[in-house]
Amino acid sequence: MAISRLFRREKLDNYLKSDQHFAKTMSAKDLMSLGIGAVIGTGIFILPGTIAAQYSGPGIVLSFLLAAIVCSTAAMCYAEFASVLPVAGSAYSYGNLVFGEIIGWVLGWALILEYVLAVAAVANAFGAYFKSFVAGFHLTIPTAVAGPFDPAKGTYGNLVAILVVFLISWLLNRGMRESMRINNAIVIVKIAIIILFVVVGAFYVRPENWQPFAPFGSAGIRRGAATVFFAYLGFDVVSSSAAEVKNPRRNMPIGIIGTLVVATILYMLVAIVLTGMVPYTKLNVADPVAFALTLVHQDWTSGIISLGALAGMFTMMVTMIYSSSRLIYSVGRDGLLPKFLGKIDDQTGTPKHSLAVVTVVIALLGGFVPLDQLTNLVNIGTLVAFLFVSFGIMRLRHLPEMPHNTGFKVPFYPVLPIISGLLCFYMMLQLPAETWIASTIWFALGLVIYLTYGLRHSQLNDQS
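Summarised in this report is the structure supplied together with it. (Residues numbered from 1 in each chain as written. Predicted model: local features only at pLDDT ≥ 70, side-chain atom pairs only at ≥ 80, totals over all residues. Heavy atoms only, no water.)

**So, a nonpolar patch on the surface**
A cluster of nonpolar side chains, contributed by Phe149, Tyr156, Phe166, Val360, Leu364 and Phe368, occupies part of the molecular surface with about 580 Å² of accessible area. Looking at which element gives the most residues to the nonpolar patch, the answer is helix α14 (residues 352-368), with 3 residues. Residue position: Val360 is located in helix α14. The exposure class of Val360 is partly exposed, given its relative accessible area of 42%. (Patch = residues over 30% accessible without salt bridge, like charges linked within 9 Å, V, L, I, M, F, W, Y side chains within 5 Å. Areas by Shrake-Rupley, 256 points an atom, 1.4 Å probe, with all protein chains shown as cover. Salt bridge = Lys/Arg side-chain N within 4 Å of Asp/Glu carboxyl O. Helix = DSSP H or I, 4+ residues; strand = E, 2+ residues; numbered from the N terminus. Buried < 20%, exposed > 50% of the residue type's maximum accessible area, 1.4 Å probe, protein only.)

Following this line, the structure appears as structure tokens:
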């Protein structure tokens, strides 16, 4: 088959026609809730302390700001794509529309890696955290059902991880309107708990703890920024919902960029208060926020922080399972995976088949497989998508058949998209060698699937 066939592009009208069966119920507020649910997890209670102790000192505040600036370049590229091309599938669909099918498949395969592994890892952690949480109420979860399959340690599956994945899937299956109400409520609880820590902790801030502000110099602040950069990953999942959004040209940019702004403010507030409460040298512990509260004799707040951590993990899983199902739907819609995955239920307006497959895969991984060594693959999958979306803006603007007079536009074009792409490539180079090896195997497997199945069953063959 000719190489040109691999780079044949989908038509936007076909996507818009297929995706019109989605119920358009989501507002800008819902999008921000989705994004904040994905970005703000347990990391907000851990990263400000550990990174301050290891790299940045109180200058961790600038590390978060610098990382947010870097992330905002990619966020604006996503915002332009999502507002101009309001289709399901995020970077996968964008790649199909502007680069061609083979690039779209690679991006979709990268996002499958990101979404599925991220949710499975968080589900696994949720189970462990929930076990510790209920122990405070003198309730015990049997060891046999409290960890991944490891008979040597007496664990045969993480029952809580499996159940929470199926619970979230059940909520999403009922339709996005009801799911968003529950998600929005939990996000509000999570933000309220973070603000509670900031308010309570502010009374115990000692300005001398902020001296020296940058004990490791500007290099430490930059190193901290490179490390906390990954705390912001997740805002991209907002773009996967474009087909279900009311007035996407207005609401998609608000949802994506608004998520990043709110997340940055929350991260910086926690960092300022935490390093003011406790000298940064003492914060290299597993739970720095709870540790700081215990030091100032506010033990009662520690339990509330634990609840906030559980809420953070729950909303992250809601967003990622939702996004995973829309991604698999999009690939099935195009015939690159079995077409039954690309069907939308007429009653609920949701892709039930893709949601069911995603749920089973994530539940099995989260419940039975140790994922500690695989989480770096989430980062490389995300950055591959960021890279192509950033450089894809230039391609998007030069395609005459694409809409050009409406929607959000990346400022300082073409400088900012180029900077975004180069920064993403730089961040990829910071990942360890074993991550590159594992990802190479993953992408090689993806190409085999595409060449043996996807290429033969693609709907582009029917159009030709």
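**Details of helix α3 (residues 28-39)**
The end-to-end C-alpha separation of α3 is 16 Å, in line with the 16 Å expected for 12 residues at 1.5 Å each. For α3, the set of buried residues is Ala28, Asp30, Leu31, Ser33, Leu34, Gly35, Ile36, Gly37, Ala38 and Val39. (Expected span 1.5 Å × (residues − 1).)

**A short note on empty space enclosed by the protein**
Empty space among the atoms becomes visible once a probe the size of a water molecule is rolled across them. Per the stated rule, a full pass over the model turns up 2 cavities of 30 Å³ or more. Volume-wise, the largest cavity comes out at about 50 Å³. Secondary-structure elements contributing two or more residues to the lining of the largest cavity are α8 (159-173), α9 (176-202) and α13 (299-333). Looking at the second largest cavity, the residues that line it are Phe81, Ala91, Tyr94, Gly95, Val98, Phe99, Leu107, Phe388, Val389 and Gly392. If you tally residues by element for the lining of the second largest cavity, the top one is helix α6 (residues 91-98), at 4 residues. (1 Å grid on protein atoms, 1.4 Å probe; cavity = no way out; pocket = protein on both sides within 12 Å on 5 of 7 lines; lining within 4 Å. Points joined across faces, edges and corners; volume = space filled by probe spheres on them.)

**With respect to the pairing of strand β1 (residues 146-150)**
For a regular strand, side chains alternate in direction, first toward one face of the sheet and then toward the other. Note that β1 and strand β2 (residues 155-158) share 3 bridges and pair antiparallel. When the bridges of β2 are listed, Ala146 appears paired with Asn158. Linking two consecutive strands that pair antiparallel, namely β1 and β2, is a turn of 4 residues; a positive phi of about 80° is found at Gly154 within it. (Pairing = 2+ DSSP bridges.)

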